[in-house]
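A closer look at the structure
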Amino acid sequence: MGNVASRLDDAGNLFFKDQNRFSIASVTISNPRRRLLTLSPNAFPAARFVAKRDAGDDTPIEYIQDPDTPAAAPIPTFMLRLSNDEELIFNFTFIIRQTQTGNAPNSVNGVSTTMPEVADTNLMGLTFAHASNSKELDNLITREFHANPNLQNNSNVQLIGDYSTGGTPSVSFDWSWRWKPPKVTEDKGGGWRNSCSFLDYDQRTNRLNTLAHFSFWVHNSMRPLPSPLISSPKLELPVFPRSRISSTQSVLSHYSDAESNPAPSIISPEPAETSLPPPPPPSAPPF
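Just so you know, these numbers come straight off a predicted model, no measurement behind them.

1. A word on the overall build of the protein chain
Secondary structure summary: the protein chain contains three helices and 17 strands in total. Across the 287 residues of the protein chain, 31% fall into the buried class. Contacts in the protein chain between residues at least 24 apart in sequence constitute 64% of all its contacts with a sequence separation of at least 6. Carbon together with sulfur atoms contributes 55% to the accessible area of the protein chain, which is approximately 19,800 Å² in total.

Spelled out as structure tokens, the structure:
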């Protein structure tokens, strides 16, 4: 995922509002055949998340420059690059912790005699929301939420549930999500940018508050290739008709052939002599 930003609007792909109240202990990305990646925090509270492959898997971990980086950002940001050649399954492990109140513990000679006062953490309506970028995600959890409070009916929103520490210092729980494109059409670059948030519902203000936010990229490796049997009308080459006008070379060649092979002269035959029938014999004189 990358470095943890201090504010939600900072350039970065990972943000936590309060890691004592809500944090991600690990993320496992897998497909139906094997585990692809494991992401874990470097410490608590986390300053960054580190991605690792399983032992023996030498496949490089890929990153891509964030196409949604603000123009005013001092440096470009990069996000994790995945591929959709198979189904992607995200398994999250969350931790919620009790928070200390403002009351300081009693002490004698600098030694604490009582435990610090703590308060339980309660997450009401923990929700996962998913969009292409931060602007669309913000529109989803504000305008669309106020227009229709049943936001979980949206295909890009899932209600996870209610959770509480319930008197214990910390509670961990798991949740699984099967990735799907945030929209039908892919983004520029041949894939989908994914902007995701975990939120809880504030009943007093009737709004969803962001607990954590992260981004990643999924490359579309299942794009169909064009069939060679189907020709595109825009790619057809024009066929020009053959010219029927003889070229100079063909005319000269015709004359040359005529000179080298003269046509035989035609001699009209002499008329044949016609023989006349012999004259009749003289008739006998009368007596």
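2. Some details on the nonpolar core
Nonpolar side chains in soluble globular proteins tend to be buried together. If you look at the biggest cluster of nonpolar residues, it comprises 35 residues, and the most contacted ones within it are Ile-29, Phe-90, Phe-92, Phe-198 and Phe-216. Of all the elements, strand 17 (residues 207-219) adds the most residues to this core, at five residues. Judged by nonpolar contacts, the second largest core, of ten residues, contains Leu-140, Phe-145, Leu-151 and Val-157.

3. Points about the environment of Ile-29
Within the fold, Ile-29 resides in strand 3 (residues 23-30). Placed 149 residues apart in sequence, Ile-29 and Arg-178 show a C-alpha to C-alpha distance of 9.7 Å. Aside from chain neighbours lying at most four places away, what touches Ile-29 is Arg-35, Leu-36, Leu-37, Leu-39, Leu-80, Leu-82, Leu-88, Ile-89 and Phe-90.

4. Description of the pattern of salt bridges
Applying the stated criterion across every chain yields a total of eight salt bridges. Between Glu-87 and Arg-178 there is a salt bridge, and its shortest N-O distance comes to 2.9 Å. Note that Glu-87 is positioned in the loop between strand 7 (78-83) and strand 8 (89-97) and Arg-178 in strand 15 (residues 170-178), a separation of 91 residues in sequence.

5. Describing the pairing of strand 16 (residues 191-202)
Here strand 16 lies mainly inside the structure; eleven of its twelve residues are buried. As paired elements, strand 13 (residues 122-131) and strand 16 share five bridges and run antiparallel to each other. By the bridge assignment, His-130 is partnered in strand 16 with Cys-196. The sheet contact formed by strand 16 and strand 17 spans twelve bridges and is antiparallel. Following the sheet pairing, Trp-192 is matched in strand 17 by Val-218. Turn length for the strand 16-strand 17 hairpin, with the two strands adjacent in sequence and antiparallel, is four residues, and the turn residue Asn-206 shows positive phi of about 55 degrees.

Conventions used here
Position numbers for residues start from 1 in each chain and track the written sequence from start to end. Reporting of local features is limited, given that this is a predicted model, to residues whose pLDDT is at least 70; pairs of side-chain atoms are given and counted only at 80 or more, and all residues count toward the totals for whole chains, interfaces and linings. The side-chain quantities take in all heavy atoms of the structure and omit both hydrogens and water. Counting from the N terminus, the helices are DSSP H or I runs at least four residues long and the strands are E runs at least two residues long. Burial classification: accessible surface area is computed with a 1.4 Å probe over protein chains only, and a residue below 20% of its type maximum counts as buried, one above 50% as exposed, and the rest as partly exposed. By definition in these notes, contact holds between two residues if any of their heavy atoms fall within 4.5 Å. Computed with a 1.4 Å probe, the accessible areas rest on the Shrake-Rupley method; for each residue, only the protein chains presented here act as cover. Definition of nonpolar core: a set of buried residues of the types Ala, Val, Leu, Ile, Met, Phe, Trp, Tyr and Cys, connected through side-chain atoms within 4.5 Å. Here a salt bridge means any side-chain nitrogen of Lys or Arg lying within 4 Å of a carboxyl oxygen belonging to Asp or Glu. Paired strands are those between which DSSP finds at least two bridges.

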